[in-house]
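Spelled out, the chains give:
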Amino acid sequence: MESLGTARIEQARATGRLDAGVSAGYERVNSSFPVFGINDNGQLQPVQDVFHFLKFGVSLDLPVRNKNQGAIEAAVIETEAARQRREFAELTARREVAVAYTKYERAARAMEIFRNGVRDQAKDNLDVVKQTYELGSKTLLDYIAEQRRFIELETDFIDAQLATYSARVEIELTTASPELIKK
């Protein structure tokens, strides 16, 4: 669109300059009327004749005051609008990529917290509660409640993995990754 706008500016400037044109033409007209006339022999014949016209002309456009300034200004504004639309699209794309990377980093950090600290501690807690249940210090309901907390933690870990994967897909979509285009 920017290139088109630049071309329109040049076209408008060219239209605002001195312009000369030459024209020539030939016309043959066979004309008749629905009336009859008398020829040299005294007979009736239709009134008709063939006319030949030859035309020559020269035209000069002399832009004295206007010089097509309105069209030039319109083309300049159109080019500027196209440039601003392009810049807006670039900024939007950069923002979308930055948001996608931020989502990925946040999801990956949450997944690592689950993987390196929380899951092992929850598994150890479940083992301790199980042993204390087997020794008779805890009730079956305590052991089942601890299992429920462990399962909820595992579900949260799976959700964190899914969020990380989704964020990676979003990065590939926003960056028009070649891996996605090939498939």
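This one's a predicted model, so the numbers in the text were calculated from it and none came from an experiment.

Trainee: Give a detailed account of the overall build of the protein, specifying residues and quantitative values.
Mentor: Secondary structure assignment for the protein yields four helices and two strands. Traced from its N-terminal end to its C-terminal end, the protein shows the element sequence α-β-β-α-α-α. Rg of the C-alpha trace for the protein: 43 Å, well past the compact-globule value of 16 Å for 183 residues, more than 25% over. Projected onto its principal axes, the C-alpha positions of the protein cover 145 × 50 × 25 Å. A total of 183 residues make up the protein; the buried ones form 16% of that total. When contacts within the protein are restricted to residue pairs at least 6 apart in sequence, long-range pairs at least 24 apart make up 69% of them. Surface exposure of the protein reaches about 14,300 Å², of which carbon and sulfur atoms provide 57%. Placing the 25 positive and 28 negative side-chain charges of the protein at their respective mean positions leaves the two points 2 Å apart.

Trainee: So what's going on with helix α1 (residues 2–15)? Residues and values would help.
Mentor: Taking 1.5 Å per residue as the helical rise, α1 with its 14 residues ought to reach 20 Å, and the 20 Å between its terminal C-alpha atoms agrees with that figure. Every buried residue belonging to α1 is among Gly 5, Ile 9 and Ala 12, and all of these are buried. In a view along the axis of α1, the buried residues occupy a sector of 70°, so they form one face of it. Away from its buried face by more than 90 degrees, α1 exposes Ser 3, Gln 11 and Thr 15. Close packing links the buried residues of α1 with α2 (69–135).

Trainee: Lay out the pattern of salt bridges with the relevant residues and their values.
Mentor: Across all of its chains, the model carries ten salt bridges by this definition. In this structure, Glu 170 and Lys 103 form a salt bridge, with 3.5 Å as the shortest nitrogen-oxygen distance. Residue Glu 170 is found in helix α3 (residues 140–174), and its partner Lys 103 is found in helix α2; the two are separated by 67 residues along the sequence. With a relative accessible area of 25%, Glu 170 lands in the partly exposed category. With its nearest N and O atoms 2.8 Å apart, the salt bridge here joins Glu 112 to Arg 115. Note that Glu 112 and Arg 115 are positioned in helix α2 at a spacing of three residues, about one turn of the helix. By relative accessible area, Glu 112 is classed as partly exposed at 30%. For Arg 115, a relative accessible area of 35% puts it in the partly exposed group. Connected via shared salt-bridge partners are Glu 2, Arg 86 and Glu 90.

Calculation criteria
- Residues numbered from 1 in each chain as written.
- Predicted model: local features only at pLDDT ≥ 70, side-chain atom pairs only at ≥ 80, totals over all residues.
- Heavy atoms only, no water.
- Helix = DSSP H or I, 4+ residues; strand = E, 2+ residues; numbered from the N terminus.
- Rg over C-alpha atoms; globule rule 2.2 N^0.38 Å.
- Buried < 20%, exposed > 50% of the residue type's maximum accessible area, 1.4 Å probe, protein only.
- Contact = heavy atoms within 4.5 Å.
- Areas by Shrake-Rupley, 256 points an atom, 1.4 Å probe, with all protein chains shown as cover.
- Lys, Arg positive; Asp, Glu negative; His and termini not counted.
- Charge placed at Lys NZ, Arg CZ, Asp CG, Glu CD.
- Expected span 1.5 Å × (residues − 1).
- Arc of directions from axis to C-beta.
- Salt bridge = Lys/Arg side-chain N within 4 Å of Asp/Glu carboxyl O.

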